[in-house]
Amino acid sequence: MAHLTWPPINEFAREIMSGMSLHDLPDFCFWTVPFRFLTEHCIICVALIAATCLVLCYYKASPRNHSRDIPTPTTSSLESSSPRILPHLSFNNVLTRLRRRPSEPSDITSLNPSPRAKMGYTRRSRSLKKQIGSLPFPQPPLPLRAKQYYDAFLVLDVEATCQQGTDFNFPNEIIEFPVCLMRWKDRTKDLQATQLEVVAEFRSFVKPTWRPVLSKFCTDLTGITQEQVDAAPPFPSVLASVQDFMVEHGLIDGDTGERLVRFCWCSDGPFDIRDFVVKQCFISKVPMPGWIQGDVLDVRTAILNWLHSREQPKDSSVTKYGPRRRTLNITAQLKVLGLSGFEGRQHSGIDDSRNIARIVAELARRGTSLHPNTVIHPNRRWQWMGRHGQILDDHWTVKNVDDTKPWQKL
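Residues numbered from 1 in each chain as written. Predicted model: local features only at pLDDT ≥ 70, side-chain atom pairs only at ≥ 80, totals over all residues. Heavy atoms only, no water.

## Observations regarding the packing of aromatic side chains
In total, this model carries eight aromatic pairs according to the counting rule given. Plain terms: the ring middles of Y150 and F153 are 6.5 Å apart, the flat faces sit at 45 degrees to each other, and that makes the pair tilted. With a relative accessible area of 15%, Y150 lands in the buried category. On the basis of relative accessibility, which here comes to 0%, the residue F153 falls in the buried class. Ring plane angle 40 degrees and centroid distance 5.8 Å describe the contact between F202 and F245, whose orientation is recorded as tilted. (Phe/Tyr/Trp six-rings, centres within 6.5 Å; stacked < 30°, edge-to-face > 60°. Buried < 20%, exposed > 50% of the residue type's maximum accessible area, 1.4 Å probe, protein only.)

In structure tokens:
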């Protein structure tokens, strides 16, 4: 500790070599001089190491631009550009950089994140991705125009008699017949359109004739009371009212019943016309009118086609017969299209028809060409159908929910 000064290293080595003889030369190693220097001047060495660490920490914390999008500067650009002003090196600046939070930008260049910051995923970003993945398909910013070959659409969702434990083979009778008429607002001469709206509605309850008393299950499901169907007209009279409604809006001719414009019937699934209307015409002993015959637009199939046109099915949903499709009810269809929830009462004929009309209008707005996609057979027959509208009671059954055994009705 006697030597507090720092002599030059060559003088320090000469002093050591002057006291050595030739016999001591083999014991002299190359690290003897620096080792003795470090031991005798330990305070100075510690200060030098600390200063070196502070300088390294200062320049390590300084921002660097790692973006690959910035082109490599040429010689001319380097000559014309002004030199970069490096931050001033001081003890206060070093402590400021070490105390600064990572989220606080030090200067303008620190606003450009490094590649590692871009690749990082926070808990909030992961939660946002999960929320976005669970949302339905986003609506397009601008309406997509498609050619629409039909002038009008008739949305139909009938309600029929039912009993708990029955299926579509049951001889149902229509008790509500609602129709929503939709027309184009912006159809051009080249048949392109996107805006479809409801311009008129028709609704009538129907009085059943084969089983005039509604079951409690049917009343709870549809909300239709016995008083409403008792005061309603029979099905042939309702068909005449529907025909007058279509004549009033210029869809068919009043004398011949021929179509004046191209219109299409729409329903949630093929059941309304394929099953209920065909059954009711047989029970009421009336021919199926020509203005309700023909193929219909199954909205469920249209939704599935729209979904599968925008995403590839997973391997688990593909079979040897093609992709396995799961049908969606009206509530699920509204959610898939990003619309608000069901409006009204579910299983009410007029409310179901209005919500189906919303779905059809949204499909048109998203650029879907609306056309029939389901074949209807007016002469379809069931086992319980006899001759001239007779219902064979021995050919339809109801499944008992309690003991799961079929028992014969009547």
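## Some points on helix α12 (residues 299-308)
Buried residues of α12: V299, A302, I303, L304, W306 and L307, and no others. Those residues of α12 hidden inside the fold are in contact with β7 (263-267), β8 (297-298), α13 (330-336) and α14 (349-365). (Helix = DSSP H or I, 4+ residues; strand = E, 2+ residues; numbered from the N terminus. Contact = heavy atoms within 4.5 Å.)

## Focus: the side chain of D186
Mapped onto the elements, D186 comes out in the loop between β4 (174-184) and β5 (192-193). Within polar-contact distance, the side chain of D186 engages the side chain of T194 at 2.9 Å. Among the polar contacts made by the side chain of D186, one reaches the main-chain amide nitrogen of Q195 at a distance of 3.0 Å. Ignoring sequence-local partners within four residues, the contact set of D186 consists of R145, Q192, A193, T194 and Q195. (Polar contact = N/O pair within 3.5 Å; in protein donor to acceptor, adjacent residues only side chain to side chain.)

## Overview of the nonpolar core
Grouped together as the largest cluster of nonpolar side chains are 40 residues, with contacts concentrated most on F177, M246, F263, W265, I273 and W291. At the level of secondary structure, the elements contributing two or more residues to this core comprise β2 (152-156), β4, β6 (196-205), α10 (235-248), β7 and α11 (271-283). In terms of residues, this core owes the most to one element, α11, which gives seven residues. Not counting the four nearest positions on each side in its chain, M246 is found in contact with L154, L251, I252, F263, W265 and W291. Residues F153, L297, I303 and A357 belong to the second largest nonpolar core, which totals 31 residues. (Core = buried A, V, L, I, M, F, W, Y, C linked by side-chain atoms within 4.5 Å.)

## Things to note about the state of the cysteines
Per the stated rule, a full pass over the model turns up zero disulfides. Of all cysteine sulfurs in the structure, the one in C162 sits closest to C218, which takes part in no disulfide; the separation is 4.0 Å. (Disulfide = S-S within 2.5 Å.)

## Some thoughts on the layout of surface pockets
For the largest pocket, the calculated volume is near 670 Å³. As for the largest pocket, its lining consists of 25 residues, and the residues nearest its centre are E159, F168, L221, F276 and H347. Counting only elements with at least two residues in the lining of the largest pocket, the list comes to β3 (159-160), α8 (216-222), α11 and α13. Split by residue class, the lining of the largest pocket holds ten nonpolar, eight polar and seven charged. (1 Å grid on protein atoms, 1.4 Å probe; cavity = no way out; pocket = protein on both sides within 12 Å on 5 of 7 lines; lining within 4 Å. Points joined across faces, edges and corners; volume = space filled by probe spheres on them. Nonpolar A, V, L, I, M, F, W, Y, C, P; charged D, E, K, R; others polar.)

## Digging into the pairing of β7
Extensive coverage of β7 is indicated by the burial of five of its five residues. Bridge count for β2 against β7 is four bridges, and the pairing is parallel. Residue pairing in the sheet places F153 in a bridge with C264 of β7. The sheet contact formed by β7 and β8 spans two bridges and is parallel. In the strand pairing of β8, C266 is matched with L297. At this point the chain moves from β7, through α11, to the parallel β8, and the crossover so formed is right-handed. (Pairing = 2+ DSSP bridges. Right-handed = clockwise from strand over helix to strand, strands pointing away.)

## A look at the pattern of salt bridges
What the rule picks out here adds up to eleven salt bridges. Residue D351 pairs with R354 through a salt bridge whose shortest N-O separation is 3.8 Å. With D351 and R354 both in helix α14 and three residues apart, this pair spans about one turn of that helix. Note on D351: relative accessible area 14%, which makes it buried. The class of R354 is partly exposed, set by a relative accessible area of 38%. Connected via shared salt-bridge partners are E201, D351 and R354. (Salt bridge = Lys/Arg side-chain N within 4 Å of Asp/Glu carboxyl O.)

Read these as layout, nothing more, since geometry by itself doesn't imply function.
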